[in-house]
Amino acid sequence: MKKEVIKIYLSICFVMVVLNVIGQGGNHPRIYVSNETKADFLNTLKTVSWKEDLVEKKKQNLEKYLRFVENDPTWLVSRLQMNWNTKHDKVYLKGGDFSHSEGSAPVATVRYSGTRDWATDYVRPKLEDVEPYFDDPRGLYLEHKDTGKKEWIHPSKAGFAIEKLNEQIMGLAQDAAFLYWLTNDKKYADFAAPVFLTYTEGMFYRDAPIDLKKSNQQHVSGLATFEVIHEGIVVSLVTAYDFLYNYFQENNTNLDHTVAVFQKWGDQIIEKGIPDNNWNLFQARFLTYIALVLESNSNYSNGKGQEYFLDHTFNTSTDRQLAIKESLLVYDHKNGMWPESSSYSVHVITTLLRIFTLLDHATNNNEFLNYPIVEKAALASFQYLFPSGYTVGFGDANHKILPPENFELLIANYRKYDLKEKETLISGLLKQIISDKLYTRHAKDYFELFFYVDDLIQEDVQNVSIKDLTSPTFYASNVSMFNQRMGEGSDAVMVSTAASYGNHTHANGISMELFANNYVLGPDSGKGPSYWHPTFRNYYARMPAHNTVVVDGKSDYANMRSYNPFVLDNAYPESGKKASFDKITFSKVSFVEPKTRSDQQRFTAIIKSNTAQKYIVDVFRSKKQKPGKQKHEYIYRNLGQSLELFNKKGRDLKLSATKDLSSDKGDLKAYDFFNNKLKTQTSDDITALFTLKTENQPNNYMKLWIKGSDNQSIYNVESPKSNALSKGTAPTEVLDKPLPTLILKREEAAWVNPFAVVFNPFMEGQNNGIENVSYSALEDFPNTQIITVDQSDKITDKIVLNASDGDVVEKGDFFQRGLLSIERYSKENLQFMFLSGMIRYQNNGWDIVSSGNPFTVSIEKTKQGFLLQNDEPLTINMPFEKGRGPAELRMYDNEVLIASRKGTVNRNNSDLLVFKLEKAYNKVEIIYNK
């Protein structure tokens, strides 16, 4: 009963909001601006240069078209893509392609788009080159991109040419309608009105498309395009209608058919779509426009006015279109992540902000307060960023900055409702983006023109930084992404690992992107020309296009909508938290590759040297669950013009051309995209050097120290260009260029003997922080990998890595039951000890034991003793230091000393002091008394 009361209350509240919207009556314009605020807007044009610039640009862009229409009133109308001669009212599709149209209407009808696939070999003509009243049974006559010659083609070969020409023309009509409202100059309305009315009349008499294949296409088609989420012309139509409304009224124009078209379009959006991803929200934006331009339900005999379409936007779901309140449940409300690749996730935020900005402009009811997840998501999106300020590129994503519009619209809302503290925060972040030269304030559309604040707050914003919204590690389980960051500026390093979970995913296993030396040196390949293009299907969406391990040359699963996440087994520090010990980040993730039924595990760590340089450790285990013949290939691509391979003595490895890595050998078709394939074979450790040369800059190096293995094959190949890269994540010299790629192949399982690589980025002229890396193992403890990193400042890191928390390794006085230990020594003096996923650890007189759960602890040498941090209860048995007195344990909470106690002597070994930590502490000191 209580739930019913709440539901009724919310419905009443929503109706009251709608009535507030309707309170505008028949006054237009209303979507972006009203006549009542026109004077204020005109004043802003005198004082805000970036707003005036957009208005002037629109005026200048229209000038030549105004001249064309002055000389020939039909010039623009005749270039609409219409069924001018046939007047067909019915459209038929064959799946994602246009088939044909037929039937008859009393007027020319709107031509349907050619295909769902935007990739095409043909050039969309300039508007000036479009033949007037074109409607030819032979199809379209377009120029081929490669030959430069025109050909007759079926519309299905033309990509989006038809719909984009109509959108371009309606965009001009929209701009002219705005300038009519702005200037009261009738020439603009006379220019826009015929285009608008011809199109809407043609759509009134044309039916929604029918798919002859009766495929899923029937459930997603719009009135003008193959997807209801691409009906961009709706925005131009509604905007033109809004600004021309008074002109139509003055000329007694019958708008019944126009209203009917808006209603029909709204119904198509409500009835069609994909109800379990971003489509709901992209469709909701169009519904919001349609709703706000219409009058009250009572004005129409079918009752489909503002209330009807707003209700379907926000409250009432259908089988194919979920309302916003239901769609937002998809968010991870703890971390603010949307379950899609980064590019789509940040686009969803923009869409939501636009919807609520439109609604709030109509209601003045601070609509953002009703949906706090939108603000949270906008702030959480910073966790996608590389240190360069560009987003990670897993799945169908590319490297781009966060949309500044997201922050502009938040700022506009905060200023409107006098939320000064929030405005200061977001303004500071936006100013940071501006100061990093990633964004210049300007207006490119009506949203920005009317809704952005004129000026950001002028006072200096203190203590606001993008780095405050990121953390050393961040885990988003609903997209199976784990990011690690360390350092700032040119010293910054980041590793992003991802599996495949949610929407717009690829078949990539456990993939990795690696940032260092100011660039995404180890990029993902991104997406292909389109989702239907064979290059995308056969390469970019498949395993070999990613930095991962492929089994038997066949590892694969469905891309786009995939439910193949990794499991986060171990990580440090905790996701979203900042730890006091900042020399290490790591993750260990596990994955089952479904095609070959293989177990895979990837350990990645960033380790900071004493000179602040960083190196990355990557250990990848892979094995088939069934015994028998198997093959595992580790793939890594890096920015650069060259890849050189050297033996352990530093001499060039001799490679020869090979026909391996090919579908002819039974591998995936993706392997056929590798070119200039060279091969060698050795069991020894080797090094690889990727060199990136940029003009007027020192060479950018990535050196790989690679563990040897019996009969390991090493390949140097070229991969196709990465479509994820952008000018912000790669220099222009290598954009759109093939990527040098290293492939390591084992003809056996790579679990007990995993792939192990230390990535060593450095710049020409900079001291390379690593002198040598050696790999070793113990025959009796096959799961243990021992990696010794000798650094140029005479520092040695010894890394002992097991496959799990429960694994054991023992040699002499060394014992480890647990995942990971890292010890750093200067000569023989311990500098720090880091243990994680540990049950018990013994070495050099230390004996550290869990109280039950596997623990993480860092023990760092100081002048007075040791500095510790732990996450679980544990017992520390530590050796007396010669010449030192008794030691004291000091525990802190937020840097405040809360307790202390002296160590006790171990009853079994009088050379050991015993300290017990009964819980997790962010700071503990062991201090020797003088």
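Along each chain, residue indices are assigned from 1 in the same order as the chain's sequence is written. Selection of residues for local features in this predicted model requires a pLDDT of at least 70, selection of side-chain atom pairs for listing and counting requires 80 or more, and totals for whole chains, interfaces and linings are taken over all residues. Side-chain figures throughout are based on the complete set of non-hydrogen atoms in the structure, without hydrogens or water.

**Some details on the overall build of the protein chain**
- We count a stretch as a helix when DSSP gives it H or I for four or more residues in a row; a strand needs E for two or more, and each element gets its number in order from the N terminus. A count of helices and strands for the protein chain gives 16 helices and 44 strands.
- The reference for a compact globule is 2.2 Å times residues^0.38; the radius of gyration itself is calculated from the C-alpha atoms. In terms of C-alpha radius of gyration, the protein chain reaches 32 Å, essentially the compact-globule figure of 30 Å for 930 residues.
- By its C-alpha atoms, the protein chain is 100 × 65 × 60 Å across when sized along the principal axes.
- In the protein chain, the proportion of contacts linking residues at least 24 apart, taken out of those at least 6 apart, comes to 67%.
- All accessible-area figures derive from a Shrake-Rupley calculation using a 1.4 Å probe, and residue coverage is judged against the displayed protein chains alone. Approximately 37900 Å² of the protein chain is accessible, and the part contributed by carbon and sulfur atoms is 48%.
- Charged residues are defined narrowly, with Lys and Arg counted positive, Asp and Glu counted negative, and His plus the chain ends left uncounted. Charged groups are reduced to one reference atom each: NZ for lysine, CZ for arginine, CG for aspartic acid, CD for glutamic acid. Of note, the protein chain has its 108 positive side-chain charges centred 4 Å away from the centre of its 114 negative side-chain charges. Throughout, a residue-residue contact means that at least one pair of heavy atoms, one from each residue, lies within 4.5 Å.

**Here we look at unusual backbone geometry**
- Between His28 and the following residue, Pro29, the backbone shows a cis peptide bond with an omega angle of 0°.
- If you trace the backbone, Pro29 turns up in the loop between helix H1 (2-22) and helix H2 (38-47).
- The amide bond that connects Tyr572 to the next residue, Pro573, takes the cis arrangement and shows omega of -10°.
- The topology assignment puts Pro573 in the loop between strand S17 (567-572) and strand S18 (584-593).
- The phi angle at Lys87 is positive, at roughly 55°, despite the residue not being glycine.
- Summarising the element assignment, Lys87 is placed in the loop between strand S1 (82-83) and strand S2 (90-94).
- Burial here depends on accessible area, computed with a 1.4 Å probe over protein chains only, as a share of the maximum for the residue type. Under 20% is buried, over 50% is exposed, and the range in between is partly exposed. On the basis of relative accessibility, which here comes to 27%, the residue Lys87 falls in the partly exposed class.

**Focus: the sheet that holds S18**
- Strand order in the open sheet formed by eight strands is S17-S18-S19-S20-S29-S26-S25-S22, and the pairing between neighbours is antiparallel. Where the open sheet ends on each side, the last strands, each with one partner, are S17 and strand S22 (642-646). The average undirected angle you get between the axes of adjacent strands in this sheet is 15°.
- Here the rule is simple: two strands pair whenever DSSP picks up at least two bridges between them. Inspection of the sheet shows S22 paired to strand S25 (residues 686-692) by five bridges, in the antiparallel sense. When the sheet's bridge partners are listed, Leu645 is paired in S25 with Ala688. The angle between two axes is taken between their N-to-C directions and runs from 0 to 180 degrees, where each axis is a line fitted to C-alpha atoms and a helix contributes only its stretch in contact.

**A word on the packing of aromatic side chains**
- Pairing of aromatic rings covers Phe, Tyr and Trp, the last through its six-membered ring, and needs centres within 6.5 Å; plane angles under 30 degrees mean stacked, over 60 mean edge-to-face, and all others mean tilted. By the definition in use, this model includes 63 aromatic pairs.
- Ring geometry for Tyr331 and Trp338: centres 4.9 Å apart, planes at 65°, overall edge-to-face.
- For Trp338, a relative accessible area of 1% corresponds to the buried category.
- Seen in terms of ring centroids, Tyr636 and Phe759 are 4.8 Å apart; in terms of plane orientation they differ by 65°. Their pairing is edge-to-face.

**Observations regarding helix H6 (residues 233-250)**
- Helix span, as expected, comes to 1.5 Å for every residue beyond the first. Here H6 spans 25 Å end to end across 18 residues, near enough to the 26 Å set by a 1.5 Å rise per residue.
- Where burial is concerned, most of H6 is hidden: 15 out of the 18 residues are buried.
- With its phi angle positive at about 55°, Asn252 sits one or two positions after the end of H6.

**Considerations on the nonpolar core**
- Residues enter a nonpolar core if they are buried and are Ala, Val, Leu, Ile, Met, Phe, Trp, Tyr or Cys, with the set joined through side-chain atoms within 4.5 Å. Core analysis: the largest hydrophobic core is formed by 144 residues, its most contacted members being Tyr32, Phe178, Tyr199, Trp265 and Phe450.
- For Tyr32, the residues in contact, after removing those within four places along its chain, are Val235, Thr239, Asp242, Tyr289, Leu358, His361, Tyr446, Phe447, Phe450 and Phe451.
- If you look at the next biggest cluster of nonpolar residues, it comprises 62 residues, including Leu514, Val550, Phe591 and Tyr634.

**A short note on the packing of helix H4 (residues 161-183) against helix H5 (residues 186-204)**
- Packing of H4 against H5 brings their axes to within 8 Å, and their N-to-C directions diverge by 140°. Both H4 and H5 take part in a crossing whose hand is left-handed. Taken together, the residues of H5 that come into contact with H4 (itself represented by Asn166, Ile169, Met170, Leu172, Ala173, Ala176, Ala177, Leu179, Tyr180 and Thr183) are Lys186, Tyr188, Ala189, Phe191, Ala192, Val195, Phe196 and Tyr199.
- Any residue outside Ala, Val, Leu, Ile, Met, Phe, Trp, Tyr, Cys, Pro, Asp, Glu, Lys and Arg is labelled polar, Gly included; the first ten of those are nonpolar and the last four are charged. Taken together, the residues of the contact of H4 with H5 sort by class into 15 nonpolar, two polar and one charged. With the far helix as reference, a near helix turned anticlockwise by less than a right angle produces a left-handed crossing, and one turned clockwise produces a right-handed crossing.

**A short note on the packing of H4 against H6**
- One way to put it is that H4 packs onto H6 with a least axis distance of 8 Å and a crossing angle of 40°. Accordingly, the angle class assigned to the pair H4 and H6 is oblique. The handedness of the crossing between H4 and H6 is left-handed. Of H6, the residues touching H4 (which contributes Asn166, Glu167, Met170, Gly171, Ala173, Gln174, Ala177, Phe178, Tyr180 and Trp181) are Ile233, Val235, Ser236, Leu237, Thr239, Ala240, Phe243, Leu244, Tyr247 and Glu250.
- When the residues that make up the contact of H4 with H6 are grouped by side-chain class, the tally is 13 nonpolar, five polar and two charged. With respect to orientation, any angle under 35 degrees is reported as roughly parallel, any angle over 145 as roughly antiparallel, any angle of 65 to 115 as roughly perpendicular, and every other angle as oblique.

**Side note on the sheet that holds strand S15 (residues 549-551)**
- Spatial ordering of the open sheet is given by S15-S21-S28-S27-S24-S23, a layout of six strands whose pairing is antiparallel. Of all strands in the sheet, those with a lone pairing partner are S15 and strand S23 (656-657), marking the two edges.

**Some details on the environment of Asp790**
- Following the sequence through the fold, Asp790 ends up in strand S31 (residues 781-791).
- The class for Asp790 is partly exposed, based on a relative accessible area of 24%.
- Residues Asp790 and Arg824, 34 residues apart in the sequence, show an inter-C-alpha distance of 9.9 Å.
- Residues in contact with Asp790, not counting those within four places in the same chain, are Ile770, Glu771, Asn772, Ile795 and Thr796.
- Separated by 3.1 Å, the side chains of Asp790 and Thr796 make a polar contact. Here a polar contact is recorded for every N or O atom pair within 3.5 Å, except that within protein the pair must consist of a potential hydrogen donor and a potential acceptor, and residues adjacent in sequence are included only if both atoms are side-chain atoms.

**Focus on the side chain of Asp524**
- Its place among the elements puts Asp524 in the loop between strand S14 (519-522) and helix H16 (534-540).
- What counts as a salt bridge is simple: a side-chain nitrogen of Lys or Arg found within 4 Å of a carboxyl oxygen of Asp or Glu. There is no salt bridge for the buried Asp524, and the closest opposite charge comes from Arg637, which lies 6.9 Å off by N-O distance.
- With residues near it in sequence (within four places) discarded, Asp524 still touches Gly393, Ser511, Glu513, His546, Ser722 and Ala724.

**Re the environment of Glu63**
- Residue placement: Glu63 occurs in helix H3 (residues 49-71).
- We classify Glu63 as partly exposed; its relative accessible area is 30%.
- Contact partners of Glu63, with chain neighbours within four places excluded, come to Lys187 and Tyr188.

**Side note on the side chain of Thr239**
- Along the chain, Thr239 falls in helix H6.
- With sequence-adjacent residues up to four places away left out, Thr239 is seen in contact with Tyr32, Gln174 and Tyr446.

**With respect to the pattern of salt bridges**
- Enumeration according to the criterion identifies 41 salt bridges in this entry.
- Here Arg415 and Glu423 are joined by a salt bridge, their closest N and O atoms 2.7 Å apart.
- Classification of Arg415 as partly exposed rests on a relative accessible area of 33%.
- One salt bridge in this structure joins Lys745 and Glu747, with 3.5 Å as the shortest N-O distance.
- Among the residues examined, Lys745 registers a relative accessible area of 8% and is labelled buried.
- A relative accessible area of 47% means that Glu747 is categorised as partly exposed.

**Digging into the pairing of strand S13 (residues 511-516)**
- Counting buried residues in S13 gives six out of six residues, a clear majority hidden from the surface.
- Taking every second residue as pointing to the same face, both faces of S13 are buried, with Ser511, Glu513 and Phe515 on one and Met512, Leu514 and Ala516 on the other.
- Pairing analysis gives five bridges linking strand S11 (residues 493-498) to S13, with the strands arranged antiparallel. Residue pairing in the sheet places Thr497 in a bridge with Met512 of S13.
- Here S13 runs beside S14; their pairing, made up of two bridges, is antiparallel. Following the sheet pairing, Leu514 is matched in S14 by Gly522.
- Where S13 folds back onto S14 in an antiparallel hairpin, the turn is made up of two residues, including Asn517, whose phi is positive at roughly 55°.

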